[in-house]
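Below are the chains, spelled out letter by letter.
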Amino acid sequence: MAEKKPVKAKARPAKFHAGDQVRVIEAYPLGHVRTPFYIRGKTGTVERVCGAFPNPEELAQMRDGLPAQPLYRVRFRQNDVWPDYRGGAHDVVEVEIYQHWLEKP
Amino acid sequence: MNDPGPYRPLTYFQLMEISLRELLVEKGVVTEEEVAEEVEAMRKRGYERGARVVARAWVDPEYKKRLLANGTEACEELGLEIPALKLLAVENTPEVHNAIVCTLCSCYPRMLLGIPPEWYKSRNYRSRMVREPRAVLAEFGLQIPEQVAIRVHDSTADMRYLVLPMRPAGTEGWSEERLASLVTRDSMIGVAVPKVS
């Protein structure tokens, strides 16, 4: 819900770039996590880097969320996300994911 | 036993809202009038701003390029203030159809489209739009051909999305205002396409 501006100072450098393959970490911590369950453990391609934003998991604990986390839009093939997906092979879902939730596949 | 009837006690969040508002008024940060005006302004905001952005992009290819490159700046160009919002416009083409959802809550470009419709916040739409978008779009009366890719955008974090629909055929020479009247809220969420009636 929180709408914030990208933060330039105190931001972690971006580890990934557009076109990179990334895997979403499969973890289930408690708290205000903005990585949807359905995408955890899935592999996709970075569509773009959106800038760095305060970490919402920290903000929810009344902390400043710094250093800011680079935020990515990651594109997943629907057939990779849902094994029984019914639709075109080119259908995709794009999800915004913070860097600390991404790893190299 | 003690059925309160239609008179229910305040919920936790209602109580919190009242307490905070009264404190802010008491401390002179805002007045009751200002709060009421802001609530009214939010309620009155419709999707006309979004329609203006789309119509401008339809008539001005250079503006469209700027909109797709930086949605926030392109809105500011039209005098639309969209504070603390990073806007991404996503373009429908003969090959790609875009649709917006927020599976986590109800993130929505309110400054351009106003208050989100009830269905946008429903569990049904939020869970099924990523899982079976073609079936959901069909329920809105929108059949997307198999060869057209569906691109669903899950608005999970700090971006907000606006679908730039395709300009309908038969609108050649139309004024920007007339074009804007074709642009519906649903076509900017991606569950409909603009039509010439």
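Here the structure is a predicted model, which is why all the values come from computation and not from measurement.

A.B. asks: What exactly am I supposed to notice about the overall build of chain B here?
C.D. replies: Looking only at helices and strands, chain B features 11 helices and four strands. Each principal axis of the C-alpha distribution contributes one length, and for chain B these read about 60 × 40 × 30 Å. When each of the 197 residues of chain B is scored for burial, the buried share is 44%. When contacts within chain B are restricted to residue pairs at least 6 apart in sequence, those whose partners lie at least 24 apart make up 66%. Counting only carbon and sulfur atoms, one obtains 55% of the accessible surface of chain B, whose full area is about 10,800 Å². Positive and negative side-chain charges of chain B, numbering 26 and 29 respectively, have mean locations separated by a distance of 5 Å.

A.B. asks: When you look at unusual backbone geometry in this model, what are you seeing that I'm missing?
C.D. replies: Trans is the prevailing form of peptide bonds, just as negative phi is the prevailing case for residues other than glycine. Residues and elements named next belong to chain A. Pro67 follows Leu66 through a cis peptide bond whose omega is 0°. Take Pro67: it is sitting in the loop between helix 1 (56–59) and strand 3 (69–77). The backbone of Met62 sits at a positive phi, close to 65°, despite the residue not being glycine. Here Met62 is to be found in the loop between helix 1 and strand 3.

A.B. asks: Sorry, what's going on with a nonpolar patch on the surface here?
C.D. replies: A grouping of Tyr12, Phe13 and Met16 of chain B is seen on the molecular surface, where their side chains present a nonpolar patch of about 390 Å² in accessible area. Within the secondary structure, Tyr12 of chain B sits in helix 1 (residues 12–26).

A.B. asks: Before we go on, may I ask you to explain the nonpolar core in this structure?
C.D. replies: Side chains of a nonpolar character, in soluble globular proteins, are inclined to be buried together. Counting 73 residues, the largest nonpolar core has Ile39, Phe76, Val93 and Ile97 of chain A together with Val53 and Leu112 of chain B as its most contacted members. Looking at this core, the element that brings in the most residues is helix 3 (residues 48–59) of chain B, giving six residues. Dropping the residues within four chain positions of it, Phe76 of chain A is found in contact with Val24, Ile39, Lys42, Thr43, Gly44, Val81, Asp91, Val92, Val93, Val95 and Ile97 of chain A.

A.B. asks: Help me understand the packing of helix 3 of chain B against helix 4 (residues 61–69) of chain B, please; the structure alone is not making it clear to me.
C.D. replies: In a packed pair of helices, the relevant descriptors are the angle between the two axes and the axis-to-axis distance. All names here are of chain B. Put simply, helix 3 and helix 4 touch, their axes get as near as 5 Å, and they point 125° apart. By the angle between their axes, helix 3 is oblique relative to helix 4. From helix 3, Val53, Arg56, Ala57 and Val59 reach across to helix 4, where they touch Pro61, Tyr63, Lys64 and Leu67.

A.B. asks: How should I be thinking about the interface of chain A and chain B in this particular structure?
C.D. replies: Interfaces are often sized by the amount of accessible area the parts lose when they come together. In this complex, chain A contributes 32 residues to the contact, which on the side of chain B involves 28 residues. At the junction of chain A with chain B, the criterion picks out three salt bridges. Our enumeration of links across chain A and chain B arrives at 20 residue pairs in polar contact (both at pLDDT 80 or more). Of all the secondary structure elements, the ones that give two or more residues to the side of chain A that touches chain B are strand 2 (43–53), strand 3 and strand 4 (92–98) of chain A. Here the side of chain A that touches chain B gets six residues from one element, more than from any other, and that element is strand 4 of chain A. Partitioning the side of chain A that touches chain B into residue classes produces 15 nonpolar, five polar and 12 charged. For strand 4 of chain A and strand 3 (residues 149–154) of chain B, the ladder comprises four bridges, and the chain directions are parallel. Counted as the bridge partner of Val92 of chain A is Arg151 of chain B from strand 3 of chain B.

A.B. asks: Even after reading the chapter, I still don't get the pairing of strand 4 of chain A, so can you show me in this structure?
C.D. replies: Strand residues, when the strand is regular, have side chains that alternate between the two faces of the sheet. Residues and elements named next belong to chain A. The element strand 4 is extensively covered by neighbouring structure, given that seven of its seven residues are classed as buried. As paired strands, strand 3 and strand 4 are joined by seven bridges and run antiparallel to one another. Across the sheet, residue Phe76 finds its bridge partner in strand 4, namely Val93.

A.B. asks: Explanation requested: the pattern of salt bridges in the structure shown.
C.D. replies: Where charged atoms from two side chains of opposite charge approach closely, those side chains can pair. Applying the stated rule across the entire model yields 20 salt bridges over all chains. Residue Arg21 of chain B is joined to Glu17 of chain B by a salt bridge in which the shortest nitrogen-to-oxygen separation is 2.7 Å. Here Glu17 of chain B and Arg21 of chain B lie together in helix 1, a separation of four residues that amounts to about one turn. Residue Arg21 of chain B is classed as partly exposed on the basis of its relative accessible area, which comes to 22%. Where Arg21 of chain B meets Glu32 of chain B, a salt bridge forms, and the shortest distance between an N and an O atom there is 3.5 Å. Here Arg21 of chain B is found in helix 1, whereas its partner Glu32 of chain B is found in helix 2 (residues 32–44), with 11 residues between them in sequence. Here the salt bridges share partners, and the residues they tie into one network are Glu47, Arg48, Arg73, Arg75 and Glu94 of chain A together with Arg151 of chain B.

Cut-offs used in this document
- Residues numbered from 1 in each chain as written.
- Chains lettered and ligands numbered in written order.
- Predicted model: local features only at pLDDT ≥ 70, side-chain atom pairs only at ≥ 80, totals over all residues.
- Heavy atoms only, no water.
- Helix = DSSP H or I, 4+ residues; strand = E, 2+ residues; numbered from the N terminus.
- Buried < 20%, exposed > 50% of the residue type's maximum accessible area, 1.4 Å probe, protein only.
- Contact = heavy atoms within 4.5 Å.
- Areas by Shrake-Rupley, 256 points an atom, 1.4 Å probe, with all protein chains shown as cover.
- Lys, Arg positive; Asp, Glu negative; His and termini not counted.
- Charge placed at Lys NZ, Arg CZ, Asp CG, Glu CD.
- Patch = residues over 30% accessible without salt bridge, like charges linked within 9 Å, V, L, I, M, F, W, Y side chains within 5 Å.
- Salt bridge = Lys/Arg side-chain N within 4 Å of Asp/Glu carboxyl O.
- Core = buried A, V, L, I, M, F, W, Y, C linked by side-chain atoms within 4.5 Å.
- Axes fitted to C-alpha atoms, helices over the stretch in contact; angles between N-to-C directions.
- Parallel < 35°, antiparallel > 145°, perpendicular 65-115°, else oblique.
- Polar contact = N/O pair within 3.5 Å; in protein donor to acceptor, adjacent residues only side chain to side chain.
- Nonpolar A, V, L, I, M, F, W, Y, C, P; charged D, E, K, R; others polar.
- Pairing = 2+ DSSP bridges.

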